[in-house]
Amino acid sequence: MFDSKNFAIKDIKVYENGELRTSAAVIRGGHIEFADEISDSSIPVLALNDAILLPGFADVHVHLREPGFSYKETIRTGTAAAAAGGYTAVCSMPNLNPVPDSAENLRAQLEIINRDALIRVCPYGAITVGQKGETLAALEELAPNAIAFSDDGKGVQSEDMMREAMLRAKTLGKMIVAHCEDESLLHGGCIHDGEYARAHSIPGICSESEWGPIQRDLKLVEETGCAYHVCHISTKESVQLIREAKAKGLDVSCETAPHYLVFCDNELQDSGRFRMNPPIRSAEDRDALIEGILDGTIDMIATDHAPHSEEEKSRGLRGSLNGIIGLESAFPVMYTHFVKTGRMSLERLMELMVYAPRRRFGIALGVGDFALWELGESYSYDPKTTHAGKGTSSPFEGMELWGRHIFTAMNGEIVDFKK
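Since the structure is predicted, the reported quantities are computational estimates derived from the model, not experimental observations. (Residues numbered from 1 in each chain as written. Predicted model: local features only at pLDDT ≥ 70, side-chain atom pairs only at ≥ 80, totals over all residues. Heavy atoms only, no water.)

Trainee: Could you clarify how one ought to interpret the overall build of the chain in this entry?
Mentor: A tally of regular secondary structure across the chain gives 13 helices and 17 strands. For 419 residues, the compact-globule estimate of 2.2 N^0.38 gives 22 Å, and the C-alpha radius of gyration of the chain, at 21 Å, lies within 12% of that figure. Its C-alpha atoms give the chain principal-axis dimensions of roughly 70 × 50 × 45 Å. Out of the 419 residues in the chain, the part that is buried amounts to 59%. Summing over all exposed atoms, the chain offers an accessible surface of approximately 16,400 Å²; the carbon and sulfur share of this is 46%. Each charge class in the chain can be summarised by its mean position, and for the 42 positive and 62 negative side chains these summaries are 1 Å apart. (Helix = DSSP H or I, 4+ residues; strand = E, 2+ residues; numbered from the N terminus. Rg over C-alpha atoms; globule rule 2.2 N^0.38 Å. Buried < 20%, exposed > 50% of the residue type's maximum accessible area, 1.4 Å probe, protein only. Areas by Shrake-Rupley, 256 points an atom, 1.4 Å probe, with all protein chains shown as cover. Lys, Arg positive; Asp, Glu negative; His and termini not counted. Charge placed at Lys NZ, Arg CZ, Asp CG, Glu CD.)

Trainee: Sorry, what's going on with the sheet that holds strand β5 (residues 57-62) here?
Mentor: Hydrogen bonds along the backbone pair up the strands of a sheet, which may run parallel or antiparallel. Within the open sheet, the three strands sit side by side as β5-β6-β7. Their pairing is parallel. Unpaired on one side and paired on the other, β5 and β7 (120-123) mark the two borders of the sheet. Recorded for the sheet is a direction-independent mean angle of 20° between the axes of neighbouring strands. Inspection of the sheet shows β5 paired to strand β6 (residues 87-92) by four bridges, in the parallel sense. Residue pairing across strands places V62 opposite S92, the latter belonging to β6. Lying over the sheet, helix α2 (residues 103-116) contacts β6 and β7, oriented at roughly 175° with respect to β7. (Pairing = 2+ DSSP bridges. Axes fitted to C-alpha atoms, helices over the stretch in contact; angles between N-to-C directions. Contact = heavy atoms within 4.5 Å.)

Trainee: Just to check I follow, could you spell out the sheet that holds strand β13 (residues 252-256) for this structure?
Mentor: Strand order in this open sheet of five strands is β8-β9-β12-β13-β14, and the pairing throughout is parallel. If you trace the sheet from one side to the other, it starts and ends with β8 (149-150) and β14 (300-301), each paired once. Pairing between β8 and strand β9 (residues 176-178): two bridges, direction parallel. Along β9, the bridge assignment pairs S150 with V177. The sheet contacts of helix α4 (residues 159-172) involve β8, β9 and β12 (228-230), and relative to β9 the element is tilted by about 140°. The sheet strands contacting helix α6 (residues 208-224) are β9, β12 and β13, and the helix crosses β12 at an angle near 170°.

Trainee: Help me understand the packing of aromatic side chains in this model?
Mentor: Scanning the model with the defined rule gives ten aromatic pairs in all. Here F263 and F274 contribute two aromatic rings whose centre-to-centre distance is 5.6 Å and whose plane-to-plane angle is 80°, an arrangement assigned as edge-to-face. With F263 in the loop between α8 (258-262) and α9 (283-295) and F274 in the loop between α8 and α9, the pair connects residues that are eleven residues apart, well separated along the chain. Residues F263 and F274 agree in their burial class; the two are buried. Above the ring of W402, the side-chain terminus of K340 is found at 4.1 Å from the ring centroid. (Phe/Tyr/Trp six-rings, centres within 6.5 Å; stacked < 30°, edge-to-face > 60°. Lys NZ or Arg CZ within 6 Å of the ring centre and 35° of its normal.)

Trainee: Please explain the side chain of S207 as it appears in this structure.
Mentor: Mapped onto the fold, S207 is located in the loop between β11 (204-205) and α6. You can call S207 buried: its relative accessible area is 13%. Filtering out sequence-adjacent residues up to four positions away, S207 remains in contact with H192, T235, E237, R281 and D285.

Trainee: What is the right way to look at the packing of α4 against α6 in this model?
Mentor: Pairs of packed helices are described in terms of their axes, by the angle between the two and the distance that separates them. Following both chains from N to C, one finds α4 and α6 inclined at 40°, their axes separated by 10 Å at the closest point. The orientation of α4 with respect to α6, classified from their angle, is oblique. When you trace α4 past α6, the crossing you get is right-handed. Across the interface between the two elements, E159, M162, R163, M166, L167 and K170 from α4 touch R216, D217, L220, V221, E223 and T224 from α6. (Parallel < 35°, antiparallel > 145°, perpendicular 65-115°, else oblique. Left-handed = near helix turned anticlockwise from the far one by under 90°.)

All we've got here are geometric facts, nothing functional implied.
Listed below in structure tokens is the structure:
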């Protein structure tokens, strides 16, 4: 039987400082060491087809669901999924129970993180009490242990409330991370107000419900000087607004997710695995997002990993809850569709998945934080049989992908993500 704690690998390409070098690796007791060659003939050699060692990814937008919704995911299973996707750091969103809107409520999450997390977890503090948008959370209490402030899952509807939050966050040296959604424009929609919605008589969600709040918030950023990050942008107007804000020198960044870069609304299926918020938009929006990741307008790739139970995702587009998994598929999807096709360099992808999120959010990359991937063979992605977390709903199910995860290491120690 193969011992996953004691083996060797030869001819690994190691990505370091934008360059590739070739090395061998020996793993003893789960600890990895690099060498020019394998000198110990007694240790078994794992044969891989085009192995590459990449720095540990960072995802600033994940839903670990604990405390409060552990039937969907736990910090243990969510970080197992992250490790299985090559991540060594994630930022956990605050739509939990209790909502981390005070030091006491945040402590409930921190205790579980300290006990169960397999990789680094940086929790958000809520912007408002209970994420209800009515009263500011105890931001001063939260600041020492919160990576930033967000009400993700709910947009802050009041301009005055967002202004007050930005002013307070600026004094605390913290960033506002905004889920931008104008609820008055939703009208019961569940997918993009586009081709598929009209053809199937499904209520649609207009693009302005996203870009309108971004436009409002960017004016507030200019007024307050607050550092500001936009979650999961999906529309061409959002890209242009952020591009213009950056040209003005505003302290603004943003993210998008792989599903917005690969799919458009005329490719939807009436399945819960295509139900997420914001929705997959038009081909024109997708093209603008791709332009944005290539020209630097979009700073980083985040997954918005949001697992639900199988029953909650079994009700089609109209009835399923919003949210899909994404941690394990993110790199293979981006590598397959962009690097392997020559549309993007590996260096640019590492900027989007490793360096930019860590730089913007102040998350260090440990010397021994990396993941090993096999790039030489494709496979059909099947989250129902391979996913390390609890959720299995993914629009990428059945897609032919390149980039098979072998292991992830934290501080030079291999993370046993299958526990």
